[in-house]
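# Per-entry structural report
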Amino acid sequence: MHVVRASEPSPSQPAFRLRGTSLSLVVLELHETAPEAVLPSLERLLSKAPAFLWQAPIILDLASNTPEVGAPEVGAPEVGQTDLARLLPGLRRLKLHPIGVLSGPEGWQTQAAALGLPVMPRGTQRSLPLPSERPQQNQRKGLDLQSQERAAANRTSAEPLETEELSKPTLMIARPVRAGQQIYADGGGDLIVTASVNPGAEIIADGHIHVYGALKGRAIAGARGNREARIFALRLDPELLAIGGYYTMHGDIETAVIGKGVEVSMEDRSFKFRLIGQ
Amino acid sequence: MATVIVVTSGKGGVGKTTTSASFAAGLALSGAKTAVIDFDVGLRNLDLIMGCERRVVFDLINVIQGEAKLRQALIRDKRVENLYTLAASQTRDKDALTREGIGAVLEELAEEFEYVVCDSPAGIEKGALLALYYADHAVVVTNPEISSVRDSDRILGVLASRSRRAEQGDTPVKEHLLLTRYDPARVSTGEMLKVGDVEEILAIPLLGVIPESEVVLRCSNLGQPVILEEKSNAAQAYRDAVARFLGQEVEMKFLEQERKGLLRRWFRGAA
């Protein structure tokens, strides 16, 4: 039998490949570190929906207001160290798999490292420092025309794309979204459908939604509350539209835009419809 | 390897069993050895439409549970050569259907048959899921009305996610739209959806349009596949649909209201 080992890759087929990915994970935010304080209430919560987090990988985060370890003091107090060490078996008993901690006070990171848990940088932290004006520029990007131009200028200047942009991948769907199907572009990303969204279907995105076809189902943009999110459709005829938690039904949409190419946005808590591609 | 075709719709009463019977008979008439299987355990109908209800000794469940050999359960059609029916059980619970069991039956059928037509039950429950699981082609039977179109849309979504081809990342199940009970007169008054409207929503290739016809009910009661009726628009439409399935180019018929000629109108007035 031929076995390919990592140490002896065959020339035609390498034994492994490194690739980047971004995953959605559950974070357990701790306001206390003592297992006695955390575990009983967590167990009660999980017992309500046992399947929800069954065998789920989780990441531990120390809330910034946590008294014991939250203060930025150097060197971990003995008590805190045993807290995390004692917490892990308890979590595993509840069928949760702690796979790492988010970066925090040094004491917290030392404890985690001692237990073999990797320390992960926060989403907003970058491993490389970036020019100081860039993040500001990026914050309001992509909505009004002016900043779109600025974004375009950014790209043409041959600078690498920012990591934050790369961590919000756009979900592309090339098949019709059919009745009963639900598609969610989470992680802050946009959703592009290059076919129709049929009645009874539901498309959701944390960012913008683009439909290059008829939008006849439900479309929910800015699902985590982003009211700047927009919905674009080649033929708008939806059952429901929602942006940043506000919604409108088919009957409340002005008939002049139904069936047309439309951009939908939210201004002053009301929906704005603008014909596009005329 | 046999080609497995599921006839499905989501909604009930749109003409799945009628279509399964005619489609299987049409394929057999083309010279291909064809088996048609009833997956509607508990509500078996296919044997009635095929006119072999009095010849059912063993059924699909008996074969799956090893109580009968496949050869014993297949009922040879008396009118059409190469056509065989495998009936559903009327007395068993549909839990007796298993994915492995169906897989084994289809594998054995594949040794001898060119086409296997699976007549799906309505709904999107176990029976319907099993009927479509092994499919290579799906004939989606739809009536020109909004709830039937919605259910067909739903079943197309299920085909794209829960068939074996979808689960194994194989080339997707080939989908065909068959519009049945089409009445051009009611379409022109806006009571029924137009062919184009249905095509636009479902976005799959149109295999055929079967006109509404009283022949269908008569054939059901006689236990004869509609396609065998010589002078009927519905039968002609089924023959055309089968021909298209086999790769021939056939013009769509019966989409327009039959024009009443001056003479006919005059005669009707006189009569």
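Residues numbered from 1 in each chain as written. Chains lettered and ligands numbered in written order. Predicted model: local features only at pLDDT ≥ 70, side-chain atom pairs only at ≥ 80, totals over all residues. Heavy atoms only, no water.

## A few points about the interface of chain A and chain B
So the rule is basically this: We call two residues contacting when some pair of their heavy atoms lies within 4.5 Å. Two parts placed together each lose some accessible area under a 1.4 Å probe, and the buried area is that loss summed for both. Side-chain atoms alone can form a polar contact between residues adjacent in sequence; in general such a contact is a pair of N or O atoms within 3.5 Å, and within protein one must be able to donate a hydrogen while the other accepts it. For this scheme, ten residues count as nonpolar: Ala, Val, Leu, Ile, Met, Phe, Trp, Tyr, Cys and Pro. Four count as charged, namely Asp, Glu, Lys and Arg, and the remainder, Gly too, count as polar.
Taken together, the 12 residues of chain A in the interface contact 12 residues of chain B. Between chain A and chain B the total buried area reaches about 970 Å² when both faces are included, carbon and sulfur atoms providing 41% of it. There are 9 residue pairs in polar contact (both at pLDDT 80 or more) connecting chain A and chain B. Class assignment for the residues of the side of chain A that touches chain B results in 3 nonpolar, 4 polar and 5 charged.

## Concerning the side chain of E229(B)
All names here are of chain B. As a reminder, the rule being used: Helical segments are the DSSP runs of H or I of at least four residues, strand segments are the runs of E of at least two, and each set is numbered from the N terminus.
On the secondary structure map, E229 appears in the loop between helix 11 (214-222) and helix 12 (233-245). Among the polar contacts listed, one links the side chain of E229 to the side chain of Q224, at a separation of 3.2 Å. In this view, E229 contacts V215, R218, C219, Q224, A235 and R239; residues no more than four positions away in its chain are not counted.

## Observations regarding the packing of aromatic side chains
Here a ring pair, both rings aromatic, is described through the centre-centre distance and the interplanar angle of the planes. All names here are of chain B. Heads up, the condition is: Pairing of aromatic side chains requires ring centres within 6.5 Å, counting the rings of Phe and Tyr and the six-membered ring of Trp. Pairs whose planes differ by under 30 degrees are stacked, by over 60 edge-to-face, and all others tilted. Each residue's exposure class comes from its accessible area (1.4 Å probe, protein chains only) as a fraction of the maximum for that residue type: buried when under 20%, exposed when over 50%, partly exposed otherwise. Two thresholds decide whether a charge sits over a ring: the Lys NZ or Arg CZ must be within 6 Å of the ring centre and within 35 degrees of the ring normal.
Applying the stated rule across the entire model yields 5 aromatic pairs over all chains. With 5.3 Å between their ring centres and 80° between their planes, F23 and F245 make a pair best called edge-to-face. Here F245 lies in helix 12 and F23 lies in helix 1 (residues 16-29), a separation of 222 residues in the sequence. For F23, a relative accessible area of 0% gives the class buried. Note on F245: relative accessible area 13%, which makes it buried. Between Y84 and F113, the aromatic rings sit 5.5 Å apart at their centres with planes inclined by 85°, giving edge-to-face as the arrangement. In this pair, Y84 is assigned in strand 4 (residues 83-86) and F113 in the loop between helix 5 (99-110) and strand 5 (115-119), connecting sequence segments 29 residues apart. With relative accessibility at 17%, the residue Y84 sits in the buried group. Judged by relative accessible area, F113 falls into the buried class, the value being 4%. The positively charged end of K33 is found above the aromatic ring belonging to F113, 5.1 Å away from the centroid.

## Concerning the pattern of salt bridges
We count it as follows: Whenever a carboxyl oxygen of Asp or Glu lies within 4 Å of a side-chain nitrogen of Lys or Arg, that contact is scored as a salt bridge.
This structure, assessed with the given rule, holds 23 salt bridges over all chains. The partner of E175(B) in a salt bridge is R175(A), with the nearest N and O atoms 3.6 Å apart. Placement of E175(B) in strand 7 (residues 174-182) and of R175(A) in the loop between strand 5 (171-173) and strand 6 (182-185) is noted, with the two residues assigned to different chains. With a shortest N-O distance of 2.5 Å, D240(B) and K253(B) are connected by a salt bridge. Of this pair, D240(B) sits in helix 12 while K253(B) is found in the loop between helix 12 and helix 13 (262-270), placing the two residues 13 residues apart along the sequence. On the accessibility criterion, D240(B) (7% relative accessible area) is buried.

## Focus: empty space enclosed by the protein
The gaps left among the atoms become clear once a water-sized probe is rolled over them. Residue and element names in this part refer to chain B. Condition: The rule is simple: put a 1 Å grid over the protein atoms alone, call a set of points where a 1.4 Å probe fits but cannot get out a cavity, call an open set with protein on both sides within 12 Å along at least five of seven lines a pocket, and count a residue as lining if it has an atom within 4 Å of a point. Grid points are joined across faces, edges and corners, and a volume is the space filled by probe spheres set on the points.
Taken as a whole, this structure holds 2 cavities of 30 Å³ or more when the rule is applied. Reported here for the second largest cavity is a volume of approximately 40 Å³. What lines the second largest cavity is simply G208, V209, A237, D240, R244, M252, K253 and F254. Listing elements by their share of the lining of the second largest cavity, those giving two or more residues are strand 8 (206-211) and helix 12. It is helix 12 that contributes the most residues to the lining of the second largest cavity, 3 residues altogether. Split by residue class, the lining of the second largest cavity holds 4 nonpolar, 1 polar and 3 charged.

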